[in-house]
Amino acid sequence: MMYWLVAGVLFVYFVIWFIISKVKQKYSLVDIAWGGGFVVVAWTGFLATLSMTIQNITILILVTLWGVRLFWHLARRNWNKPEDYRYVNMRKRWGTKLVNLKAFLNVFVLQGVLLFIIALPITHTFANETADFHWWQVVGIVLWVIGFIFEVGGDSQLENFKKNPANKGKLLTTGFWSVTRHPNYFGEALSWWGVFLVAFTGLTASWLIISPVVITLLLLFVSGVPLLEKKYQDREDFKQYANKTSKFFPIIGKKGL
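Remember, predicted model here, so these are calculated numbers, not experimental data.

Visitor: Kindly report on the packing of helix 6 (residues 120-127) against helix 8 (residues 183-199), identifying the contributing residues and their values.
Guide: Packing of helix 6 against helix 8 brings their axes to within 9 Å, and their N-to-C directions diverge by 20°. In terms of orientation, helix 6 lies roughly parallel with respect to helix 8. As for how helix 6 packs across helix 8, the hand of that crossing is left-handed. Two secondary-structure elements touch here, helix 6 through P121, I122, H124 and T125 and helix 8 through W192, V195, F196 and A199. Of the residues belonging to the contact of helix 6 with helix 8, the class tally is 6 nonpolar, 2 polar and no charged.

Right under this line is the structure:
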């Protein structure tokens with residue numbers, strides 16, 4: 001029942017964002033919806049159960065902090081900016097027939113399905129109430145905190161770097177960006193491994209590992225790292241940066257994945 005409730009709420013949520021995007025004539029606003037969608041899932045589960053176990057409250061707090069922060073960060077950055085180049089390219093590929101349907105299915109429904117999958121540990125937690133709290137769940141909180149620090153720190157450093165006119169056309173290679181070329185993406189993936197561990201209560205919940213695996217693969221091989229790497233791959237300064245800085249996992253002083 002909980003899974004169907006979450007699926008229904010997410011469908012309505014993304015329909016609303018589709019309408020907003022149509023009004024703004026900017027499908028890239030779906031990126032803003034991404035973080036908020038996880039908060040919607042968490043609060044849907046909580047309000048449906050009103051359960052106050054340590055596990056449920058922990059999940060609610062972690063997901064709310066992560067999702068609200070990302071929602072606000074992307075809203076400030078993207079709300080009034082032109083359409084992101086990725087979505088401009090999508091429009092070109094779609095042609096002129098059935099554009100609205102293609103946008104709804106390929107952008108909003110697809111993101112809704114991915115969000116539902118990645119949010120499975122959240123939904124499972126509220127659908128399977130337990131009062132137990134194990135040592136690995138504490139480890140999950142620690143991993144989430146580390147990931148959150150990398151994600152927020154990386155985003156903050158990049159934002160401040162871009163605000164300085166003297167840095168126009170330059171690459172940020174200091175701070176978190178000195179140990180990984182994508183600290184924000186690494187942090188996001190690590191945070192979801194943390195959420196998985198908090199939601200994990202035993203071997204019967206092992207299938208929930210699909211959540212951190214999917215988000216990690218998406219960021220590392222599909223929608224995150226590859227797009228930015230391709231954007232800068234021909235720049236000499238990026239080649240030098242990439243030669244000495246890990247692509248994803250933080251490694252000090254040497255190259256790695």
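Visitor: Account for the pattern of salt bridges, with residues named and values stated.
Guide: Opposite charge on two side chains permits pairing when their charged atoms draw close. Following the criterion strictly, the structure yields 5 salt bridges and no others. Here R69 makes a salt bridge to E151, at a shortest N to O gap of 3.4 Å. With R69 in helix 3 (residues 54-78) and E151 in helix 7 (residues 135-163), this pair connects stretches of sequence that are 82 residues apart. Overall, E151 belongs to the buried group, its relative accessible area being 2%. Salt-bridge contacts for E159 lead to R76; the nearest nitrogen and oxygen are separated by 3.0 Å. Of this pair, E159 sits in helix 7 while R76 is found in helix 3, placing the two residues 83 residues apart along the sequence. The partly exposed category is assigned to E159, whose relative accessible area is 25%. Put simply, R69, E151 and D155 are held in one network by salt bridges that share partners.

About the cut-offs
Residues numbered from 1 in each chain as written. Predicted model: local features only at pLDDT ≥ 70, side-chain atom pairs only at ≥ 80, totals over all residues. Heavy atoms only, no water. Axes fitted to C-alpha atoms, helices over the stretch in contact; angles between N-to-C directions. Helix = DSSP H or I, 4+ residues; strand = E, 2+ residues; numbered from the N terminus. Parallel < 35°, antiparallel > 145°, perpendicular 65-115°, else oblique. Left-handed = near helix turned anticlockwise from the far one by under 90°. Contact = heavy atoms within 4.5 Å. Nonpolar A, V, L, I, M, F, W, Y, C, P; charged D, E, K, R; others polar. Salt bridge = Lys/Arg side-chain N within 4 Å of Asp/Glu carboxyl O. Buried < 20%, exposed > 50% of the residue type's maximum accessible area, 1.4 Å probe, protein only.

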